[in-house]
Amino acid sequence: MTESTELRETVRLRYAAAARQVAESGSACCGPQAVEVDEGFGSTLYAADDRDRLPAEAVAASLGCGNPVAVADLREGERVLDLGSGGGIDVLLSARRVGPSGRAYGLDMTEEMLALALANRAKAGATNAEFLKGTIEAIPLPAHTIDVVISNCVVNLSTDKPAVFAETFRVLVPGGRIGISDVVADDHLTGAQRAERGDHVGCIAGALSFTEYRRGLEAAGFTDIEITPTHAVADGMHSAIVRATKPTSPQ
């Protein structure tokens, strides 16, 4: 196996285990046990009102570093895609925001997370939500079909981030936008220094720097790029809000 294949399998196994933990603890009298994550990650980053409106299993499976739905400015009737949708928390919140005339898609490569997300969709009665199996480097949707792409601490896990940015750009309609929560490193940190602060599956070692993130989005064709740190997740590592736009005409 190549290093990138091994890393992807490590990520898959980690999230499969998290999904099983939530599913297996869901029969407990007090509801499912939340997946244990480091401070700065998880469901506490969502407003209590949002958490209370969702199935407990969707909240318990939250592993992200932010709340992309809160910053994506979703509107009635829009089509939203969540990259690495996990247990479905951001898809279900998006489905509520875009309403019956809109649609929210979730994309995940882990069978166990997809099964959990489908169960959560049924509990939430979200008929305008759909979950797809696949990788964020090869999105199984046609070009120009999505208005907004969101993601919650997943892009840093990819071993081919240029492909993620290119595929995100491809599926967006002209004028479409991204609202992503991700871990971003200070520019002075080397790859080795990032790895010293945490492993790849923990969303640290694979993080891009601020400059690398901006250059990656620019290379894919995005404009109006904003990368705003929100809170620290390690020394020199930040959860950040990433916004950018696909131009309405070729640049």
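Residues numbered from 1 in each chain as written. Predicted model: local features only at pLDDT ≥ 70, side-chain atom pairs only at ≥ 80, totals over all residues. Heavy atoms only, no water.

Within the chain, the regular secondary structure consists of nine helices and eight strands. When the 251 residues of the chain are sorted by exposure, 55% land in the buried category. When the accessible area of the chain is evaluated, it comes to approximately 10900 Å², of which 50% is carbon and sulfur surface. (Helix = DSSP H or I, 4+ residues; strand = E, 2+ residues; numbered from the N terminus. Buried < 20%, exposed > 50% of the residue type's maximum accessible area, 1.4 Å probe, protein only. Areas by Shrake-Rupley, 256 points an atom, 1.4 Å probe, with all protein chains shown as cover.)

All right, on to helix H7 (residues 161–171) then. H7 sits mainly inside the fold: eight of its eleven residues count as buried. For H7, the full list of buried residues reads Lys161, Ala163, Val164, Phe165, Glu167, Thr168, Phe169 and Val171. In the core, the buried residues of H7 are packed alongside strand E1 (79–83), strand E4 (146–152), strand E5 (172–185), strand E6 (208–209) and helix H9 (210–220). (Contact = heavy atoms within 4.5 Å.)

Our next topic: the pattern of salt bridges. Summed over all chains, the structure comprises ten salt bridges. Among the salt bridges present, the one from Arg75 reaches Glu78, with a minimum N-O distance of 3.8 Å. Arg75 gets classed as partly exposed once you look at its relative accessible area, which sits at 42%. Arg243 serves as the salt-bridge partner of Glu226, at 3.9 Å between the closest nitrogen and oxygen. Here Glu226, found in strand E7 (residues 223–234), pairs with Arg243, found in strand E8 (residues 237–245); they are 17 residues apart in sequence, far enough to count as distant. Look at Glu226 and you get partly exposed, because its relative accessible area is 41%. By relative accessible area, Arg243 is classed as partly exposed at 29%. Through salt bridges that share partners, Asp73, Arg75, Glu78 and Arg177 make up one connected network. (Salt bridge = Lys/Arg side-chain N within 4 Å of Asp/Glu carboxyl O.)

Where H7 meets H9, the closest approach of the two axes is 9 Å, and the angle between their N-to-C directions is 45 degrees. Considering their axes alone, H7 and H9 lie oblique with respect to each other. Here H7 runs over H9; the crossing is right-handed. In this structure, H7 contributes Phe165, Ala166 and Phe169 to the contact, and H9 contributes Tyr213, Gly216, Leu217 and Ala220. The class makeup of the residues in the contact of H7 with H9 is six nonpolar, one polar and no charged. (Axes fitted to C-alpha atoms, helices over the stretch in contact; angles between N-to-C directions. Parallel < 35°, antiparallel > 145°, perpendicular 65-115°, else oblique. Left-handed = near helix turned anticlockwise from the far one by under 90°. Nonpolar A, V, L, I, M, F, W, Y, C, P; charged D, E, K, R; others polar.)

Right, let's talk about the side chain of Arg177 for a bit. Considering the arrangement of structural elements, one finds Arg177 in strand E5. Owing to a relative accessible area of 15%, Arg177 belongs among the buried residues under this scheme. Within the structure, Arg177 has its side chain in polar contact with the backbone oxygen of Ala72 (distance 3.2 Å). Setting aside residues up to four positions removed in sequence, Arg177 forms contacts with Ala72, Asp73, Leu74, Arg75, Glu78, Asp147, Val148, Val149, Leu172, Ala244 and Thr245. (Polar contact = N/O pair within 3.5 Å; in protein donor to acceptor, adjacent residues only side chain to side chain.)

Most often, soluble globular proteins have nonpolar side chains that are buried together. With 31 residues, the main nonpolar core has Leu81, Ile178, Tyr213, Leu217 and Phe222 as its most contacted residues. Elements represented by at least two residues in this core include exactly E1, strand E2 (103–108), E4, H7, E5, H9, E7 and E8. Residues within four places of Leu81 in sequence aside, it is in contact with Tyr105, Leu107, Ile139, Leu141, Ile146, Val148, Val149, Ile150 and Val171. Judged by nonpolar contacts, the second largest core, of ten residues, contains Cys153, Ala185, Ala207 and Met237. (Core = buried A, V, L, I, M, F, W, Y, C linked by side-chain atoms within 4.5 Å.)

Counting buried positions over the five residues of E1 gives four, a clear majority of the element. Both E1 and E2 contribute to a ladder of five bridges, which runs parallel. Note on E2: the bridge partner recorded for Val80 is Ala104. For the crossover from E1 across helix H5 (residues 89–98) to E2, the handedness is right-handed. (Pairing = 2+ DSSP bridges. Right-handed = clockwise from strand over helix to strand, strands pointing away.)

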